[in-house]
Amino acid sequence: MWLICSCNLGIKDNIKVNSKVAIKVNSNIDSNVNRKNERIKTQKSGGEMVKQGRYAGVSKQKRLRQLKQRHQAKEQRAIRPGAVGEFLQVRYHLTQAGQQRPVMRQTMQRFMSQWLANAQDLLDEDEQTTWSMTALTKQAMQQFNRQLPWQGYALLDQEMPRWTAFLTKEVPAVPLQERISLVEPLTVETWQDCLTEQLAVNTMLAMTHNNRQQLQQVQTDQIQSLQTSIQTANGVDWEKVAQLLGLTVTEPDPLTSTMMDNKTKQWLERLNKLTSAKFNADVE
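Residues numbered from 1 in each chain as written. Predicted model: local features only at pLDDT ≥ 70, side-chain atom pairs only at ≥ 80, totals over all residues. Heavy atoms only, no water.

Novice: Looking at this structure, how should I read the environment of Ile223?
Specialist: Relative to the assigned elements, Ile223 resides in helix H8 (residues 220-229). Separated by 25 residues in sequence, Ile223 and Gln198 have C-alpha atoms that sit 9.2 Å apart. Not counting chain neighbours up to four residues away, the residues in contact with Ile223 comprise Glu197, Ala200, Val201, Met204 and Val218. (Helix = DSSP H or I, 4+ residues; strand = E, 2+ residues; numbered from the N terminus. Contact = heavy atoms within 4.5 Å.)

Novice: Just to check I follow, could you spell out the pattern of salt bridges for this structure?
Specialist: Pairs may arise between side chains of opposite charge once their charged atoms sit close together. Applying the stated criterion to the full structure yields two salt bridges. One salt bridge connects Glu170 with Arg91, and the closest N-O pair in it is separated by 2.9 Å. In this pair, Glu170 sits in helix H5 (residues 150-170) while Arg91 sits in helix H2 (residues 84-96), placing the two residues 79 residues apart along the sequence. Residue classification places Glu170 among the buried residues on the basis of a relative accessible area of 9%. The closest approach of N and O atoms between Arg162 and Glu159, which form a salt bridge, is 3.0 Å. Here Arg162 pairs with Glu159, and both are found in helix H5, just three residues apart, close to one helical turn. (Salt bridge = Lys/Arg side-chain N within 4 Å of Asp/Glu carboxyl O. Buried < 20%, exposed > 50% of the residue type's maximum accessible area, 1.4 Å probe, protein only.)

Novice: Teacher, can you tell me more about the layout of surface pockets here?
Specialist: To locate leftover empty space, one rolls a probe as large as a water molecule over the atoms. Its boundaries defined by the atoms lining it, the second largest pocket holds a volume of some 270 Å³. Taken together, 15 residues make up the lining of the second largest pocket; nearest its centre are Gln142, Glu197, Gln198, Val201 and Ile223. With five residues, helix H6 (residues 188-207) is the single largest residue contributor to the lining of the second largest pocket. Residues of the lining of the second largest pocket, tallied by class, amount to six nonpolar, six polar and three charged. (1 Å grid on protein atoms, 1.4 Å probe; cavity = no way out; pocket = protein on both sides within 12 Å on 5 of 7 lines; lining within 4 Å. Points joined across faces, edges and corners; volume = space filled by probe spheres on them. Nonpolar A, V, L, I, M, F, W, Y, C, P; charged D, E, K, R; others polar.)

Printed below as a string of structure tokens:
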């Protein structure tokens with residue numbers, strides 16, 4: 001009996017020992033598996049980082065190549081300096097002509113053509129890419145003087161805000177290798193001064209029958225006095241201008257020559273049909 005009990009106790013002790021050994025073995029196996037899994041994760045993570053670095057380098061090279069291609073395409077699109085005037089004339093027609101009635105469109109086309117011709121001379125002769133809006137506008141108006149009826153100046157006055165906005169946007173955007181800069185912007189006050197001064201000079205030309213020598217004798221204060229007399233609080237008194245100038249195109253101005261083309265004759269006829277009431281409604 002004692003022997004049987006001893007055997008039973010021995011078996012139980014062996015079972016306990018074996019259980020502990022099994023638990024320890026399983027624990028070691030689990031630890032090894034976990035460490036192996038961690039190594040695998042680390043390797044995978046490192047592999048992904050390597051791939052991301054390689055792809056990032058390729059992506060950067062692609063962006064640089066695209067930037068270079070865009071820069072080359074921009075250079076290829078650049079126009080010749082001698083074509084700037086024509087380029088802007090076409091841009092003006094495409095963006096503005098559809099919103100203008102025929103007489104306004106023809107007036108602005110002629111004025112724009114003269115303005116751009118003067119600006120083009122700056123590029124061609126002096127390679128000058130800095131343009132004064134005020135100086136070029138004054139120059140164009142002086143070239144027109146009495147060849148442009150007073151109604152033409154009234155139309156210019158109406159269109160001036162849109163015209164200056166076009167120049168401010170489009171001129172610096174002309175695709176030249178060296179872009180054009182606009183300086184001395186044509187403010188409302190500057191434009192009114194240019195306009196009334198030219199109208200006053202035109203009045204003096206009419207009074208002296210286009211005699212340049214007599215005009216040179218006219219004093220500055222006489223011009224200024226005329227300027228003041230044709231201004232109102234909100235703009236130009238076009239009724240008074242009409243009284244002073246009437247039909248401004250007179251001999252020997254070129255526009256009255258027998259060589260005048262039909263389009264010019266029709267344009268002048270349309271201008272002369274416009275009355276001061278049409279324009280004074282905007283300034284009263």
